[in-house]
Amino acid sequence: MPCLDVIFWLGVVTSVGIGVGNAGNDLCNAMGVTVGSKVLPLRHAVVVGAMFDGLGALLMGARVTNTISAGIVNPEIYAADVSLLAKAMLVVMFSGGLTMLTGTFGRVPISAHHSVVGSLVAVALITKGPDAVHWELVKEIVFSWVGNPL
């Protein structure tokens, strides 16, 4: 399956893009005020932000990954065509990463969570239709986005 090997390595590259975009964007969102008000110098803020980004990934990453990977869309609907699933997830990662990098370089605060969830819902709609999406979970996620800042 050489096609899946190529998709795997493209997935690795796009996941690095998401990671870089997310880390840069999250760090700016979290530490911008701290640096701007001169509470911490930029170097210290980057170190503190990197530590807590890493801790967040280690402590909460598995839970978020489970929700994203099997909660929003049931991967079993792609069982008949694993290649389609691989291609769909590559598109999700590429579009999420591109959104993150564009937002970061454009100095627009954006969430990787929003980018990936939106991409995942769009790809599922396009490849398998509206029945492929667990709309109740998507509704809970969207409500958490609205309620989080409050």
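That block above? That's the structure.
Residues numbered from 1 in each chain as written. Predicted model: local features only at pLDDT ≥ 70, side-chain atom pairs only at ≥ 80, totals over all residues. Heavy atoms only, no water.

> Honestly, the nonpolar core in this entry has me stumped. Any pointers?
Soluble globular proteins: nonpolar side chains tend toward being buried together. Membership of the largest hydrophobic core comes to 17 residues, with the highest contact counts inside it found for Ile-68, Ile-72, Val-73, Val-117, Leu-120, Val-121 and Ala-124. Taken together, the elements giving at least two residues each to this core come down to α3 (82–105), α4 (112–128) and α5 (135–147). It is α4 that provides the largest number of residues to this core, a total of six residues. For Val-73, the contacting residues outside a window of four places in its chain are Tyr-78, Leu-120, Ala-124, Ala-132 and His-134. (Core = buried A, V, L, I, M, F, W, Y, C linked by side-chain atoms within 4.5 Å. Buried < 20%, exposed > 50% of the residue type's maximum accessible area, 1.4 Å probe, protein only. Helix = DSSP H or I, 4+ residues; strand = E, 2+ residues; numbered from the N terminus. Contact = heavy atoms within 4.5 Å.)

> What is the right way to read the side chain of Thr-14 from this model?
Structurally, Thr-14 is set in helix α1 (residues 2–36). Engagement of the side chain of Thr-14 in a polar contact is seen with the backbone oxygen of Gly-11, the distance being 3.0 Å. Discounting chain neighbours no more than four positions away, the residues touching Thr-14 are Leu-90, Met-93 and Phe-94. (Polar contact = N/O pair within 3.5 Å; in protein donor to acceptor, adjacent residues only side chain to side chain.)

> Would you mind going over the pattern of salt bridges with me for this structure?
Between side chains of opposite charge, a pair can form as their charged atoms come close. Applying the stated rule across the entire model yields one salt bridge. A salt bridge links Lys-139 to Glu-136; the nearest nitrogen and oxygen atoms lie 3.3 Å apart. With Lys-139 and Glu-136 both in helix α5 and three residues apart, the pair spans about one turn of that helix. Overall, the relative accessible area of 54% leaves Glu-136 in the exposed class. (Salt bridge = Lys/Arg side-chain N within 4 Å of Asp/Glu carboxyl O.)

> It is not clear to me how unusual backbone geometry should be interpreted in this structure. Could you clarify?
Trans is the prevailing form of peptide bonds, just as negative phi is the prevailing case for residues other than glycine. Of note, the phi angle at Lys-38 is positive, near 65°, even though the residue is not glycine. Within the element layout of this structure, Lys-38 appears in the loop between α1 and α2 (42–71).

> Honestly, the side chain of Ser-115 in this entry has me stumped. Any pointers?
Tracing the backbone through its elements, the reader meets Ser-115 in helix α4. We classify Ser-115 as buried; its relative accessible area is 8%. Other than its neighbours up to four places away in sequence, Ser-115 contacts Gly-96, Thr-99, Met-100 and Ile-110.

> When you look at a nonpolar patch on the surface in this model, what are you seeing that I'm missing?
Residues Val-47, Met-51, Phe-52, Leu-55, Leu-58, Leu-59, Met-60 and Val-64 make up a contiguous nonpolar surface patch of about 840 Å² in total accessible area. As for its position among the elements, Met-51 is in helix α2. (Patch = residues over 30% accessible without salt bridge, like charges linked within 9 Å, V, L, I, M, F, W, Y side chains within 5 Å. Areas by Shrake-Rupley, 256 points an atom, 1.4 Å probe, with all protein chains shown as cover.)

> Hey, could you run me through the packing of aromatic side chains in this one?
Each aromatic ring pair is summarised here by two numbers: the centre-to-centre distance and the angle between the ring planes. Scanning the model with the defined rule gives one aromatic pair in all. Relative to Trp-9, the ring of Phe-8 lies with its centre 4.9 Å away and its plane at 80°, an arrangement referred to as edge-to-face. The class for Trp-9 is exposed, based on a relative accessible area of 55%. (Phe/Tyr/Trp six-rings, centres within 6.5 Å; stacked < 30°, edge-to-face > 60°.)

Interpretation in functional terms is not warranted from these geometric data alone.
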